[in-house]
Structure formats: C-alpha cells, structure tokens
Amino acid sequence: MANTCIVCGQAAGSGEHVFPASLGGRRTNKNIYCTKHDNSYARLVEELANQLDLLNALLGVIPDRSDEVKSVLARDRHTGEELRLSVKKSSLTESRVISRQREGAGVRMEMSFPNREAMKLWLAEQQANGIDVTPLHKPEEHPYFLGEVHHQSHFGGPCGLGAVAYVTQTFLAQAFPELARSGDIENFIAYTQAIAAVARIRGGCGAHTDGAPDPKLEAARQTLEAALVPFAGKMPVWWDFDPQPETRPNAFEFGHRVTVGVDAEDGQIFGRLSLFSSIHFGMCFGTASAAVETKAVTVDIDPMAAHPPDDIQTVQSASAIARVTAPTQPTAGLAAALANNTQEAPFTDLIRRIEAYSLAKVAAKMHVELAAYSTLSSVEGDLLIARVVDEQAQRVFNMVRWLLRDYKPRLPTDLLPALGPSIDSMMARDPNSANGLSPMANATLTLAKGALVTQIREDIKAGRLDQRRLEALMGEGPGAAVIGEIILTPVVAALAG
Ligand SMILES: [Zn+2]
C-alpha cells in the first residue's frame, strides 16, 4: 500500500518535506507523493511561507537547506525605503546618496550602501562610465535605525487555508498510510489539488493584480468549485478561533502542532494545525468507510531546531478528543473574529511572546559578555559596558520612542503646543542622515545609552545585575525609568518653570 502516491496511485518517492522546509520543517518522507504531485503543491506552500515571513523572520527560523536565517522585505514607514529584516540585522536594500555638492571641478558626495559589495559594484560602475571616484575616507559601518516598519502580509485567504489543508493531509498520509489510500479522503485530495492548481496560476492567490488575469484562472476556479461540491460548496478547512483547551502544552516554545486522527464512533477523519502554538485551524478529511480503531497522532514541530532529532515530538493516543466540528458557516468564525477584533488577538499575543523571547535572548547574551567586567580596570570596564549597550542601540531607541510617546499625551493640554514639538524632535528621523536619525534624536539616544551604562555599572558594583535585571533595563519599565530621568529632565524643568 505504501510507496504509492496518494493522489495518483503511481510510485511515490519524491522525498518531500513532511512539514514545509520553508517553515523550518526538517523531516522528509519518500512514501507519500510522486514527484509530479509533490511539485504540484509547491506554489501553495510558498504562499503560506510568504504569509508567515514576518513571524519567521522575527523568530530567526532557518529554512531547511539554507544557512541564512529567514529575512523579509519591508518598507520603512517614514522614508518609504526598502529594508531587509531578519532576527540578525536590518539593512537597506538600495544604495543612496546622502548629500551632493559641487566642489571645484567635481562633485563631493556622501553615499550609503547596504554592504561593501554594493559599494564596490557602484565604484566599478562609475569607473566603467569614465567617472573618476576618489574615496575621501575609509568607509564606516553604521547601524541604521528603524522607525515603524510596514510589512504587508495577508494571512489566510483561500490559498493560505489550502496550504494548511495540504500540510495536514501530508501528515495524515504519514500517520495513516492505508486510510490515505482507501478512497475515503479522495474528495479532500481533489480539493487540495484544485486549490493548488489555482495557486499555480499567476494572480490565483490574488497577489498580482497588474495586467490582465490569466485566462486559465477561470477554468481552475471552476474546477475548484466542482471539487467543493461534495463539501456542500464549503471549504473542508477552517480557522478555529475557539480551540479546545490543550490537554498537553506544545513541547516547544513557538512550536507548531499537527494532529490527525480517526474516530471509530462515526468514522470521522479529522485534522488540526496550530502555527506557533497561536494560530489554529481545523479540518475534516472525510469518513472512514471500513471499521477503524480510534486513534490520533500529534506531532509538535520546533521551527527553530537546527536539525533532527530534537526538532519534533510525536505522541500517539487511542482517543478522538481532537475530533472537529465544522462551523455551519465556514466564514462565521472569521466574520465574528473580525467583528470583535479577536482575529488580531492571536497575532498580537504571538508578537508579544516573540518580543519577550528576543528580549530574554539579548539579556542572556549581554549577561555573558558583561561577566568580564570584574577582570578589567575601571576604564576598560566602562568601555565594555558602553560597547555592550551600543550593540543594542536599536532597542534603546525603541525604548526612547516608547517612553516619549507614552509621555506626550500626559502633558497638560495648555503646554502641549510649546512642548509637543520638542518631544517629537527627540525621536525624529532624518532619511538624509547616515543612520536615519535627526541630530536631536542622535543626541537623545546618546543620553539614553549613557544613562543605561551608568545604571548597569552601579548594578554590577552592587551585585544585582543578573539576566532578569538586564531584561528589565533593556526592554521594560525600569529601563524606561532610567532613560526617562535623563531625557525628560529639560521637559520637566520647562514644566516647573
Ligand atoms: Zn502522483
């Protein structure tokens, strides 16, 4: 039975990832699809991976068969410039001119490049055009400070749900090879094939609206509609905004979970998928026609594990507790969630958890680096603290903005016209400066970093600088208080005067 493709019955053996590689899956299985049908789902998976890009980039998920952590293209809301973001760094994707002025017979320019390669390329281009370029000083590397970054990603939609259905179907085929080939889930397979065909056509997932729609798209959509007839015209997969309480928490922080199973009571073949332990889906594959034993298989997947064997944890049970109930209106859950804004809640909650995770990681790293303080002279020790804090300059700038934004609305309304603009200038960005900040914001940032350095030195000397204290200083109220005391002093003085 095994070793045949669950779609066409021909020999399987494509060795596809059971959980998509682009989402951090590390395991392959050669017994589920033939090469043709494995490839047929590629575009659908790509759509889901694109939708989850930002979350994967924030977490530092490494796609399988790649050494680079996930990065995502975004736009700086203030300057409109394109940025590439990942957990490791943010960088501009394009070279730009910061200033340009005539000087003698030439032009003096200040330039910024995303990296050294881009700079060399630009220099070579100028030379090829017969333009003499003399570097006036060695290139300097600056961090570029981000304001609010705008990343548009539409999660879900027919293609996103289709991809969720395909991923879970692959797990069903792995855990229940005979059931997957029994014909009992053939309508479900026809549906995933039909949505995959739509996704393969340009504009099928609604991504490219420029140009005329591909004429093949209409036919593919009709095939999809026909594939949904056995499901009364509704998609057999849905958002689950009210998931049952987990009897067992996910084995991994930010782990994904797939549950597939069958209930002997009525033959229901069910599936669930939870992404990052936060975004939940349910689906019904069909009904078992022959007698079956109740069984469920749950697989937890760690998207941040570098390799097997500690990347997954599988648990089998003889229970159908995870069986599903299809919503009477497939979009009812989504509509209600949109209406009372609960659709945002899992995302907001997830982003908050990711931020806490990244703060803890930063604090742990700083704690290790600062351990050398006790072995250094006081001058060297101060340099060490300054360097360690400077490495987190973006984080400090975020705290400055958070603090000022929180403070501004609390000013007495009669003082707002006078003090509002100076508060704004303390966090103002300047797209023409090398690091993206205005001179005033740079000065504020320097003050803020200095305040943190002083506090960290005091804490080390008092023996109270542990990792938890560093978390508090680098991203929570205590750090904001330390910064606020320094940068708000002029404002407070103005208030008193
Ligand atoms: Zn096949």
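Higher on the page you've got the structure.
Report on the accompanying structure. (Residues numbered from 1 in each chain as written. Predicted model: local features only at pLDDT ≥ 70, side-chain atom pairs only at ≥ 80, totals over all residues. Heavy atoms only, no water.)

**Section: the coordination of the zinc ion**
Around a metal, the ideal angle is 109.5 degrees if four donors adopt a tetrahedral arrangement and 90 or 180 degrees if six donors adopt an octahedral arrangement. Threshold: Counted as donors are N, O and S atoms no farther than 2.8 Å from the metal, or 3.2 Å for Na, K and Ca; water is not among the atoms, and sites may therefore look incomplete. Each label reflects the angles at the metal, where four donors whose angles all fall between 85 and 135 degrees are tetrahedral, four or six donors whose opposite pairs open beyond 155 degrees and whose other angles stay between 65 and 115 are square planar or octahedral respectively, and the rest are irregular. Here a helix means four or more residues in a row that DSSP labels H or I, a strand means two or more in a row labelled E, and each is numbered from the N terminus.
Bound to the zinc ion on the protein side are Cys5 (SG), Cys8 (SG), Cys34 (SG) and His37 (ND1), at distances that span 2.0 to 2.3 Å. Coordination at the zinc ion is tetrahedral, judged from the 4 donor atoms that bind it and the angles of 97 to 116 degrees they form at the metal. Every donor residue of the zinc ion comes from the same chain, spaced as C-x2-C-x25-C-x2-H. Of this pair, Cys5 sits in the segment before β1 (16–17) while His37 sits in helix α1 (residues 35–40), placing them 32 residues apart in sequence.

**Here's the deal with the sheet that holds strand β14 (residues 312–317)**
Operational definition: Strand pairing is assigned whenever DSSP identifies at least 2 bridges connecting the two strands. Axes here mean lines fitted to C-alpha atoms, for a helix over just the part in contact, with angles spanning 0 to 180 degrees between N-to-C directions. Contacts were defined at the residue level, with two residues in contact if any of their heavy atoms lie within 4.5 Å.
Taken in spatial order, the 6 strands of this open sheet run β9-β12-β11-β10-β13-β14, and their pairing is antiparallel. Both edges of this open sheet fall to β9 (237–239) and β14, since each of them pairs with a single strand only. Looking at each pair of strands side by side, their axes are set apart by 15 degrees on average, direction ignored. Two strands pair when backbone bridges link them, and strand β10 (residues 256–262) and strand β11 (residues 268–275) are joined in this way by 6 bridges, in the antiparallel orientation. Note on β11: the bridge partner recorded for Val258 is Leu273. Contacts between helix α5 (residues 157–175) and the sheet are confined to β9, β10, β11, β12 (279–287) and β13 (295–301), with β12 contributing the most and set at about 60 degrees to the helix.

**Considerations on the environment of Leu470**
By the secondary structure assignment, Leu470 is in helix α15 (residues 467–475). Put simply, Leu470 and Val362 are 108 residues apart on the chain and 8.7 Å apart in space, counted from C-alpha to C-alpha. If sequence neighbours within four positions are ignored, Leu470 has contacts with Ala363, Met366, His367, Leu370, Ile456 and Leu465.

**Considering the pairing of strand β7 (residues 106–112)**
Pairing of strand β6 (residues 96–103) with β7 involves 7 bridges; the strand directions are antiparallel. Paired with Gln101 across the bridge in β7 is Arg108. Adjacent in sequence and paired antiparallel, β6 and β7 are bridged by 2 residues, among which Gly104 carries a positive phi angle near 60 degrees.

**Details of helix α13 (residues 416–425)**
Defined as follows: Burial status follows relative accessibility: with a 1.4 Å probe on protein chains alone, a residue under 20% of its type maximum counts as buried, one over 50% as exposed, and anything between as partly exposed. Within this analysis, the arc is defined by the directions that extend from the helix axis to the C-beta atoms.
Taken as a whole, α13 has its buried residues at Leu419, Gly420 and Ile423. Down the axis of α13, the smallest arc covering the buried residues is 115 degrees, so these residues share one side. The exposed set on the far side of α13, more than 90 degrees from its buried face, consists of Pro417 and Ala418. Looking at the packing, one finds that the buried side of α13 touches α12 (393–407) and α17 (489–496).

**Section: the state of the cysteines**
Quick reminder of the rule: When two cysteine sulfur atoms are found within 2.5 Å, that pair is recorded as a disulfide.
Within the structure shown, the criterion is met by 1 disulfide. Shown here is the disulfide that connects Cys159 with Cys205, its sulfur atoms set 2.2 Å apart. The sign of the -90 degrees torsion about the S-S bond sets the Cys159-Cys205 disulfide as left-handed. With Cys159 in helix α5 and Cys205 in the loop between α7 (186–200) and α8 (216–228), this pair connects stretches of sequence that are 46 residues apart. Judged by its relative accessible area of 5%, Cys159 falls in the buried class.

**Examining the packing of aromatic side chains**
Put simply, the test is: Only rings of Phe, Tyr and Trp enter the pairing, Trp through its six-membered ring, and a pair is recorded when the two centres are within 6.5 Å. The plane angle decides the type: under 30 degrees is stacked, over 60 is edge-to-face, the rest tilted.
Inspection of every chain in the model, using the stated rule, returns 8 aromatic pairs. Seen in terms of ring centroids, Phe188 and Tyr191 are 5.9 Å apart; in terms of plane orientation they differ by 70 degrees. Their pairing is edge-to-face. Placement of both Phe188 and Tyr191 in helix α7 is noted, with a separation of 3 residues, approximately one turn of the helix. Owing to a relative accessible area of 0%, Phe188 belongs among the buried residues under this scheme.

**A word on the nonpolar core**
We count it as follows: Side-chain atoms within 4.5 Å link the members of a nonpolar core, which is a set of buried Ala, Val, Leu, Ile, Met, Phe, Trp, Tyr and Cys residues. Throughout the structure description, domain borders are defined by an automatic or database domain assignment.
Among the nonpolar cores identified, the biggest contains 67 residues, and Phe19, Leu44, Phe171 and Val260 are the most heavily contacted of them. The dominant element in this core, judged by the number of residues it contributes, is α5, at 11 residues. Counting only domains with at least three residues in this core, you end up with domain 1 (16–52 + 155–337) and domain 2 (344–496). Not counting residues up to four positions away in its chain, the partners in contact with Leu44 are Cys159, Gly162, Ala163, Tyr166, Thr192, Ile195, Ala196 and Ala199. Residues Val362, Ala451, Leu452 and Leu465 belong to the second largest nonpolar core, which totals 40 residues.

**Looking at the pattern of salt bridges**
Stated formally: Within this document, salt bridges are pairs made up of a side-chain nitrogen of Lys or Arg and a carboxyl oxygen of Asp or Glu, the two lying within 4 Å of each other.
Counted according to the given criterion, the structure contains 20 salt bridges. Across the pair Glu391 and Lys365 runs a salt bridge, and its minimum N-O distance is 3.2 Å. With Glu391 in the loop between α11 (378–390) and α12 and Lys365 in helix α10 (residues 344–370), the pair connects residues that are 26 residues apart, well separated along the chain. With a relative accessible area of 42%, Lys365 lands in the partly exposed category. Linking Glu476 and Arg468 is a salt bridge whose minimum nitrogen-to-oxygen distance equals 2.9 Å. For Glu476, a relative accessible area of 23% corresponds to the partly exposed category. Here the salt bridges share partners, and the residues they tie into one network are Lys365, Glu369, Arg387 and Glu391.

All quantities given are derived from atomic positions and should not be read as evidence of function.
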